[in-house]
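Each chain, written out:
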Amino acid sequence: MRIARFSLDGNVAFGVVEGDASTEGGPVLDIIKGHPFAEFERSGQKIPLSKVRLLPPVLPNKVVAIGRNYAEHAAELGNEVPEVPVTFFKPSTSVIGPGDAIAYPSFTEELHHEAELAVVIGRMCREVPRERVKDVILGYTCANDVTARDVQQREKQWARAKGFDTSCPLGPWVETELDPSDLTIQCTVNGEQRQLGRTAEMVRSIEDLIVHITEAMTLLPGDVVLTGTPAGVGPLNVGDEVAVTIEGIGTLTNKVIKRG
């Protein structure tokens, strides 16, 4: 099930995406009653997807991100695979949706894309045992951990480098019925392939990451866990269009603009 968050005539709601580009008339949204973090009903009121503005599929209280979870990516930046997962936060103000602009910060000269599989948490949880991890996950979406690489390398912590406004595109929707263990992840810039990997290449699995994170903190419904990026990260420039495509989910596209 693909669950999207959207706006129409100033109103914000969730809906189930039905159909695809090959469907006569294109995909539609069946508006749901309530929100997807509890049992819900479909209203039966359907709107063409082309008529709405897709928003970030969730508004997370926090985004917990994992660094260096693909060995080839760690190596391309001259790093070792860490003995324990490297975790950091991206604030809620960094989150944007499909089609929203990535604003190139004035404090960096080296902005990079990082295509990632994002895990969306479905219920409040802490100290989650490995065998219960699937129970706390609502689904999965595409993410771009946009990074000011020069700032990351210069400063001892990554708050500014990875937490600036518009640095966390998410979307286009949450896919709830998906086996995330071996999916293709691709990133293109202006149609040119930059990254191509598979989730099977993760050093630590989603189960490992959720267990590790919830040993320390409570995750809330709508929180997002970024699972790391495969090799091939590279520069973004003003005017570029960057797209993250994950098998079984869809494509998240954003354009880079000059920060006003």
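Residues numbered from 1 in each chain as written. Predicted model: local features only at pLDDT ≥ 70, side-chain atom pairs only at ≥ 80, totals over all residues. Heavy atoms only, no water.

Visitor: Explain the nonpolar core to me, please; I cannot follow it from the model alone.
Guide: Nonpolar side chains tend toward joint burial in soluble globular proteins. The biggest cluster of nonpolar side chains holds 52 residues, and the ones touching the most others in it are Leu111, Leu117, Tyr140, Ile210, Ile246 and Ile249. Sequence-distant contacts of Ile249, defined by excluding residues within four places in its chain, comprise Leu117, Tyr140, Thr141, Cys142, Trp173, Glu175 and Leu178. The next biggest cluster of nonpolar side chains, apart from the first, holds 15 residues, and it includes Ala118, Leu138, Cys168 and Val224. (Core = buried A, V, L, I, M, F, W, Y, C linked by side-chain atoms within 4.5 Å. Buried < 20%, exposed > 50% of the residue type's maximum accessible area, 1.4 Å probe, protein only. Contact = heavy atoms within 4.5 Å.)

Visitor: Is there a simple way to explain the pairing of strand β19 (residues 241-246) in this structure?
Guide: The side chains of a regular strand alternate between the sheet's two faces. Bridging between strand β15 (residues 184-189) and β19 involves five bridges; their strand directions are antiparallel. Among the inter-strand pairings, Cys187 is bridged to a residue of β19, identified as Val244. As judged from the six bridges shared by β19 and strand β20 (residues 250-258), these two strands associate in the antiparallel manner. For Ala243, the partnering residue across the bridge sits in β20 and is Thr253. Hairpin geometry of β19 and β20 is characterised by an intervening segment of three residues between the two adjacent antiparallel strands and by a positive phi of about 85° at Gly248. (Pairing = 2+ DSSP bridges. Helix = DSSP H or I, 4+ residues; strand = E, 2+ residues; numbered from the N terminus.)

Visitor: Would you mind going over the side chain of Thr108 with me for this structure?
Guide: Here Thr108 is to be found in the loop between β9 (101-104) and β10 (111-113). On the basis of relative accessibility, which here comes to 5%, the residue Thr108 falls in the buried class. A distance of 2.5 Å separates a polar atom in the side chain of Thr108 from a polar atom in the side chain of Asp150. The contact partners of Thr108, leaving out residues within four places of it in the chain, are Ala148, Asp150 and Val151. (Polar contact = N/O pair within 3.5 Å; in protein donor to acceptor, adjacent residues only side chain to side chain.)

Visitor: Explain the sheet that holds strand β16 (residues 192-198) here, please?
Guide: Strand pairs in the sheet, formed through backbone hydrogen bonds, run parallel or antiparallel to each other. The mixed open sheet is built from five strands, whose spatial order is β9-β20-β19-β15-β16. A strand with exactly one partner marks an edge of an open sheet, and here the two such strands are β9 and β16. Averaged over all pairs of adjacent strands, the angle between strand axes in this sheet comes to 20°, irrespective of strand direction. (Axes fitted to C-alpha atoms, helices over the stretch in contact; angles between N-to-C directions.)

Visitor: Help me out: how do you make sense of the environment of Gln193 in this one?
Guide: Along the chain, Gln193 falls in strand β16. Judged by relative accessible area, which is 42%, Gln193 ranks as partly exposed. Residues Gln193 and Asp20, 173 residues apart in the sequence, show an inter-C-alpha distance of 23 Å. What Gln193 contacts, discounting residues up to four positions off in sequence, is Gln186, Cys187 and Thr188.

Visitor: How should the layout of surface pockets be read in this particular structure?
Guide: Empty space among the atoms becomes visible once a probe the size of a water molecule is rolled across them. Of the voids in this model, the largest pocket is the one considered here, and its volume is about 290 Å³. Lining the largest pocket are 17 residues, with Tyr140, Asp179, Pro180, Ser181 and Glu207 sitting closest to its centre. Those elements giving two or more residues to the lining of the largest pocket turn out to be β12 (137-144) and α4 (206-214). The biggest single contributor to the lining of the largest pocket is β12, with four residues. Tallied by class, residues from the lining of the largest pocket come to eight nonpolar, five polar and four charged. One number sums up the size of the second largest pocket: a volume of about 230 Å³. (1 Å grid on protein atoms, 1.4 Å probe; cavity = no way out; pocket = protein on both sides within 12 Å on 5 of 7 lines; lining within 4 Å. Points joined across faces, edges and corners; volume = space filled by probe spheres on them. Nonpolar A, V, L, I, M, F, W, Y, C, P; charged D, E, K, R; others polar.)

Visitor: Explain the pattern of salt bridges to me, please; I cannot follow it from the model alone.
Guide: Two side chains that carry opposite charge are able to pair once their charged atoms sit near each other. Applying the stated criterion across every chain yields a total of 15 salt bridges. Arg130 is paired through a salt bridge with Asp208; the nearest N and O atoms lie 2.4 Å apart. Taken together, the positions of Arg130 in the loop between β11 (115-121) and β12 and Asp208 in helix α4 put the pair 78 residues apart, joining distant regions of the chain. A relative accessible area of 46% means that Arg130 is categorised as partly exposed. The partner of Arg198 in a salt bridge is Glu247, with the nearest N and O atoms 3.4 Å apart. Highlighted residues: Arg198 in strand β16 and Glu247 in the loop between β19 and β20, separated in sequence by 49 residues. On the basis of relative accessible area, Arg198 is assigned to the partly exposed category, the value being 29%. The structure contains a network of salt bridges with shared partners spanning Lys90, Glu114, Asp145, Arg149 and Lys162. (Salt bridge = Lys/Arg side-chain N within 4 Å of Asp/Glu carboxyl O.)

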